[in-house]
Amino acid sequence: MQKKQKGLVWFRNDLRVNDNESLTNAIDENEIVIAMYCFDPRHFKQTRFGFKKTEKFQAKFLIESVTALKQNLEKLNIQLLVYHQNPEDSIPEIVAQNEINSVYFQEEWTSEEMEVLENIKSKVSDSVAFKSTYNQFLFYPEDIPFDISSIPNVFTQFRNQCEKLTKVRSEFAVQPKSEENWTTNETVIPTMETLGFSDFEIDSRTAFPFCGGENEALQRLEHYFWKTKKLSVYKLTRNGLIGTDFSSKFSPWLANGSISAKTIYWEIVRYEQQIRKNDSTYWLIFELIWRDYFKYVSMKNGNSIFKIGGILDKKYDWKTNPSDINNWINGTTEEPFVNANMIELQQTGWMSNRGRQNVASYFAKELLLDWRIGAAYFEAMLIDYDVHSNYGNWMYVSGVGNDLRDRKFNIKLQAENYDGQSKFQKLWLQQQLF
Ligand SMILES: Cc1cc2nc3c(=O)[nH]c(=O)nc-3n(C[C@H](O)[C@H](O)[C@H](O)COP(=O)(O)OP(=O)(O)OC[C@H]3O[C@@H](n4cnc5c(N)ncnc54)[C@H](O)[C@@H]3O)c2cc1C
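Thresholds applied
- Residues numbered from 1 in each chain as written.
- Predicted model: local features only at pLDDT ≥ 70, side-chain atom pairs only at ≥ 80, totals over all residues.
- Heavy atoms only, no water.
- Near = heavy atom within 4 Å.
- Polar contact = N/O pair within 3.5 Å; in protein donor to acceptor, adjacent residues only side chain to side chain.
- Areas by Shrake-Rupley, 256 points an atom, 1.4 Å probe, with all protein chains shown as cover.
- Helix = DSSP H or I, 4+ residues; strand = E, 2+ residues; numbered from the N terminus.
- Nonpolar A, V, L, I, M, F, W, Y, C, P; charged D, E, K, R; others polar.
- Domains from an automatic or database assignment.
- Axes fitted to C-alpha atoms, helices over the stretch in contact; angles between N-to-C directions.
- Parallel < 35°, antiparallel > 145°, perpendicular 65-115°, else oblique.
- Left-handed = near helix turned anticlockwise from the far one by under 90°.
- Contact = heavy atoms within 4.5 Å.
- Phe/Tyr/Trp six-rings, centres within 6.5 Å; stacked < 30°, edge-to-face > 60°.
- Buried < 20%, exposed > 50% of the residue type's maximum accessible area, 1.4 Å probe, protein only.
- Expected span 1.5 Å × (residues − 1).
- 1 Å grid on protein atoms, 1.4 Å probe; cavity = no way out; pocket = protein on both sides within 12 Å on 5 of 7 lines; lining within 4 Å.
- Points joined across faces, edges and corners; volume = space filled by probe spheres on them.
- Pairing = 2+ DSSP bridges.
- Right-handed = clockwise from strand over helix to strand, strands pointing away.

S.K.: Help me understand the site of the ligand in this model?
M.R.: Taken together, the neighbourhood of the ligand is formed by 26 residues, with Tyr234, Ser247, Ser248, Lys249 and Asn353 sitting nearest. Separating an oxygen atom of the ligand from a backbone N or O atom of Ser251 is a distance of 3.0 Å. When the ligand sits alone it has 820 Å² of accessible area, and the protein chains cover 97% of it. Those elements giving two or more residues to the shell around the ligand turn out to be helix H8 (251–255), helix H10 (279–301), helix H13 (353–366) and helix H15 (387–398). Take the shell around the ligand: its biggest share by element is five residues, from H10. Residues of the shell around the ligand, tallied by class, amount to 12 nonpolar, eight polar and six charged. Three or more residues apiece are contributed to the shell around the ligand by two domains, here domain 2 (214–302) and domain 3 (307–433).

Next comes the structure, spelled out in structure tokens:
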């Protein structure tokens, strides 16, 4: 008798069951499916600029996301094994113990992630198949009208061609396995304490009380699109600074894959058919294309996105003055608008896009500080940290990336335009002001 095919789904930044190509393929191709997630201890260590790679906001959000994933997989009769261990150690063991035939996962191309994968492959039998997909994109690499090496350095060229020639693929549906697939599971999801943090209360001033997980992401979609119809005015409100609904707030869920860009895209299309189609509905798609674009920028340029000269290999005289860096981090610079944004980040793990552009420009173009230090701080603090969007945007703002015009923000003017009555600054600087 032929042995049953067994598949392992290795979850990375695709923490969802809907529109998850790896999960769907594993279910379709195997009699037995198990799933796993690793809280990689290296993600909670200090990096070269002295910040933790992941701070408490992202850690809490991740724990919530994995908890939700486990519950959703249970409904499909699939166990999620969770480890606080390097994947190189856990995966070969699970593969051997369970006689796994195929490992399914989302492809990542940044060097650390590729090294992990190579290490895993070197520790498992050659007969095990590794099956990866690019499920994080709106426009799949196989479908875009460019070779990766010829991705344009100008966003508009990329967008125009993709919009003209690339179709967004449909979503993947998922069917439950039979009850026989259910196995015992003695692993536990780490707590904040295990990961080296204390639990904390959300600051009441937060722009959004984020909670991780696929269900929360779908609820947010429901709220922003169908309940409040805020999508219809997104383009008019997206530069806001205060409140839950000035922008979609999808980024933390998108970053760890609790929702896919395709799911959002197809929901926008439905909204356009049923409610209305206007500049705002299009603009959310436009922003999702930016997200894709920065993924392609990093795919094309490899480790250059982490280098001081960026993808342009620019030579600037960057400074590293510790007191300037600390003033920026602690919101004690000469610019109240920068300070308010930095305090918001410190207290909540969130900052608006307008805020991010301003504080990054101030860091790199005004204080002339090594942009990688600012990017590393964002990496630690942002609840929606995404390697491609973070380093891509930092390079862009710092003049070493895809902004060929190399602009600098006039912070005072920006504060006047976007916070004319200083409401935002008062919200975050009250201790200093009163
Ligand atoms: C210096 C700097 C660092 C940044 N770091 C990150 C990061 O680590 N993670 C991250 O997700 N975004 C990052 N961004 C992009 C952007 O600020 C956030 O995606 C956005 O503020 C998230 O809020 P939202 O979901 O309400 O966005 P919305 O305005 O509602 O946009 C919808 C989605 O489009 C995508 N998007 C929007 N703007 C951008 C952009 N400029 N670049 C790439 N994708 C975009 C995001 O996925 C976002 O969730 C950074 C921007 C700057 C200037």
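Moving on, there is more to tell.
S.K.: Explain the packing of helix H5 (residues 155–165) against H10 here, please?
M.R.: The angle between the axes and the distance between the axes are what describe a pair of packed helices. Packing of H5 against H10 leaves a shortest axis separation of 10 Å and a crossing angle of 115°. Taken together, the axes of H5 and H10 lie roughly perpendicular to each other. The element H5 and its partner H10 pack so that their crossing is right-handed. The segment H5 lies against H10, with Phe155, Phe158, Arg159 and Glu163 engaging Tyr282, Phe286, Ile289, Trp290, Tyr293 and Tyr296. Class assignment of the residues belonging to the contact of H5 with H10 gives a composition of eight nonpolar, no polar and two charged.

S.K.: Help me out: how do you make sense of the packing of aromatic side chains in this one?
M.R.: Under the counting rule described, the total for this entry stands at 44 aromatic pairs. Judged by centre distance (4.9 Å) and plane angle (75°), the ring pair of Phe306 and Tyr391 falls under edge-to-face. Placement of Phe306 in the loop between H10 and helix H11 (322–330) and of Tyr391 in helix H15 is noted, with a sequence separation of 85 residues between them. Classification of Phe306 as partly exposed rests on a relative accessible area of 22%.

S.K.: Please explain helix H12 (residues 336–348) as it appears in this structure.
M.R.: A turn of α-helix holds 3.6 residues, and therefore any two residues three or four places apart point the same way. If you check H12, its first and last C-alpha atoms are 18 Å apart, about what 13 residues at 1.5 Å a residue would give, namely 18 Å. When you tally the buried positions in H12, you get 10 out of 13 residues, the bulk of the element. For H12, every residue scored as buried is listed here: Phe337, Val338, Asn339, Ala340, Asn341, Met342, Ile343, Glu344, Leu345 and Thr348. After H12 finishes, the residue Gly349 shows a positive phi value of roughly 80°.

S.K.: Just to check I follow, could you spell out unusual backbone geometry for this structure?
M.R.: Excluding glycine, a negative phi dihedral is what most residues carry, and trans is how most peptide bonds are arranged. One non-glycine residue, Asn77, lies in positive phi territory at about 65°. The residue Asn77 is located in the loop between helix H2 (56–74) and strand E3 (80–83) in this model. Since its relative accessible area comes to 17%, Asn77 is described here as buried. In this model, Asp313 sits at a positive phi of 55°, which is unusual for a non-glycine residue. Looking at the secondary structure, you find Asp313 in the loop between H10 and H11. For Asp313, a relative accessible area of 52% translates into the label exposed.

S.K.: What exactly am I supposed to notice about empty space enclosed by the protein here?
M.R.: Tallied over the entire structure, the rule returns three cavities of 30 Å³ or more. Size it by volume and the largest cavity reaches roughly 130 Å³. Surrounding the largest cavity, 14 residues form its lining, Phe57, Phe200, Ile202, Phe210 and Ile383 being those nearest its centre. Of all the secondary-structure elements, those providing two or more residues to the lining of the largest cavity are H2 and H12. When residues in the lining of the largest cavity are grouped by element, the largest group, four residues, is from H2. Residues of the lining of the largest cavity, tallied by class, amount to eight nonpolar, three polar and three charged. Built from parts of two domains, the lining of the largest cavity gets at least three residues from each of domain 1 (6–135) and domain 3 (307–433).

S.K.: What is the right way to look at the pairing of strand E5 (residues 129–133) in this model?
M.R.: As a general feature of sheets, a regular strand has side chains that alternate between the two faces. Sheet topology places strand E4 (residues 102–106) next to E5; five bridges connect them, and they run parallel. Pairing of Gln106 across the sheet is with Thr133, part of E5. Where the polypeptide runs from E4 across helix H4 (residues 111–123) and back to E5, its parallel neighbour, the crossover connection is right-handed.

Structural measurements only, silent on function.
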